[in-house]
Amino acid sequence: MAPLPRSLKPMKAVLGDGLPHDDPDDPQWTYELKWDGMRALAYVDPGADPPVRLESSNQRDVTASFPELATLVDATGGRPAVFDGEVVAFADGRPSFGRLQQRMHLTGAAEVALRRAEVPVLYEVFDLLHFDGHDTTPLPYEDRRRLLASLLEDAADAAGDRRCWALSEAHDDGADLFAAARANHLEGVMAKRRASPYEPGKRSPNWRKVKVRWEQELVVGGWLAGEGNRAGHLGALLVGYHDPDAPGRPLRYAGRVGTGFTEAELRRLAALLDERATEACPFDPPPPLPRPAARATHWVRPDLVVQVSFGEWTSDGILRHPAYLGQREDKAAAEVVRELPS
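Participant: Can you help me understand the nonpolar core in this one?
Facilitator: Where a protein is soluble and globular, its nonpolar side chains tend to be buried together. Ranked by size, the top nonpolar core spans 44 residues in total, and within it Leu218, Val220, Leu237, Val239, Leu269, Leu273 and Leu319 carry the most contacts. The set of elements that each furnish at least two residues to this core consists of strand E2 (29-33), helix H4 (174-183), strand E11 (188-193), strand E13 (214-225), strand E14 (234-242), strand E15 (251-257), helix H5 (263-275) and strand E17 (297-310). Counting residues per element, this core draws most heavily on E17, at seven residues. Excluding its chain neighbours within four sequence positions, the residues that come into contact with Val220 are Leu237, Leu238, Val239, Leu273, Val300, Arg301, Pro302, Leu304 and Val306. Grouped together as the second largest cluster of nonpolar side chains are 30 residues, Met38, Val62, Val125 and Ala155 included.

Participant: Can you help me understand the environment of Arg115 in this one?
Facilitator: Here Arg115 lies in helix H2 (residues 109-118). For Arg115, a relative accessible area of 28% gives the class partly exposed. Distance from Arg115 to Glu55, taken between C-alpha atoms, is 20 Å for residues 60 residues apart in sequence. Ignoring anything within four residues of it in the chain, the contact list for Arg115 reads Gln102, Arg103 and Leu106. One polar contact links Arg115 to Gln102, side chain to side chain, over a distance of 3.3 Å.

Participant: Is there a simple way to explain unusual backbone geometry in this structure?
Facilitator: Note: most residues except glycine have negative phi, and most peptide bonds are trans. A cis amide bond links Asp49 to the next residue, Pro50, at an omega of 5 degrees. With respect to the helices and strands, Pro50 occurs in the loop between strand E3 (38-44) and strand E4 (52-56). Asp284 connects to Pro285 through a cis peptide bond whose omega is 0 degrees. Phi is positive for Asp132, which is not a glycine, with a value near 50 degrees. Here Asp132 shows up in the loop between strand E7 (121-131) and strand E8 (134-135). According to the relative accessible area criterion, Asp132 is partly exposed, its value standing at 30%. The backbone of His185 shows a phi angle near 60 degrees, a positive value even though the residue is not glycine. Structurally, His185 is set in the loop between H4 and E11.

Participant: Looking at this structure, how should I read helix H1 (residues 97-104)?
Facilitator: The periodicity of an α-helix, 3.6 residues per turn, causes residues three or four places apart in sequence to face the same way. Looking at H1, one finds that the buried residues are Phe97, Leu100, Arg103 and Met104. Angular distribution of buried residues about the axis of H1 spans 100 degrees; they occupy a single face of the element. The inward-facing, buried residues of H1 abut E3, strand E5 (81-91), strand E6 (94-95), H2, E7 and strand E19 (319-320). N-capping of H1 is provided by Ser96, with a side-chain oxygen placed 3.1 Å from the backbone N of Arg99.

What counts, and at which threshold
Residues numbered from 1 in each chain as written. Predicted model: local features only at pLDDT ≥ 70, side-chain atom pairs only at ≥ 80, totals over all residues. Heavy atoms only, no water. Core = buried A, V, L, I, M, F, W, Y, C linked by side-chain atoms within 4.5 Å. Buried < 20%, exposed > 50% of the residue type's maximum accessible area, 1.4 Å probe, protein only. Helix = DSSP H or I, 4+ residues; strand = E, 2+ residues; numbered from the N terminus. Contact = heavy atoms within 4.5 Å. Polar contact = N/O pair within 3.5 Å; in protein donor to acceptor, adjacent residues only side chain to side chain. Arc of directions from axis to C-beta.

Below, the structure written as structure tokens:
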């Protein structure tokens, strides 16, 4: 019998350029949605106080932030267990990290209770690391998954309306799941090797995350000086889009793009930006840049168009995880509007 561990670091995935090439006659991989939430391990010990303890991926105790997940004790039939999963909040039927942020940093009981009513969460469980005195991490993923599914499915009916957890669904067809993720504007797909053990604290190629990426053209309205090797030079572009529903089609700020550049492209862009230098901020309203960034901000005439890839739009209209793809010379800056849904 193995004692219930006190603290584990979760296994992490590598970033994949695409889905793994699986043999349809002998599939080596299974697939799940990539939940846009907060990773958390749940330590369930019915004899402890509290009986359910939640720990973030950096091993911070977040139990107080999500008191409703104490119902996980119903999932184990009175036996100790460690689950791996994602705490998720939803907006318009889709996982929303921005909405979850209204909960994840709260610890005061009164404030948590208020936000809990406004922003309910669901714990999407996708792995089982320990159960009833047994260390399950050496087991193949498909065996851990089978045990987890049996455990949670048996407990679901008994928990009823108190249940704030769910089994993250697994799929055999990664291509279909990825297409569904793209169609529904979700973050992406996780591919997991069926025969792989759970490797605590390791970033393993046995798990791969394949993200949905969006692209669109945006207008450059300024730039920030870089740091380190890029000190005094271009660090990030400040980009935006025209709002066709507002008088005068003002340029709305959409965020900063600081990755995706080659050294040659940085030099080429620097020359183009110098030609367009201006004292006036072209964004309406001006972007809420932090003070150090504000001191190193340079505004430009907004007629340079670039192509940018990104993960999603946040609820306040800012690009998440943007990357520079190149300059667009086939599009007039005045025609650039926000194209993709939030």
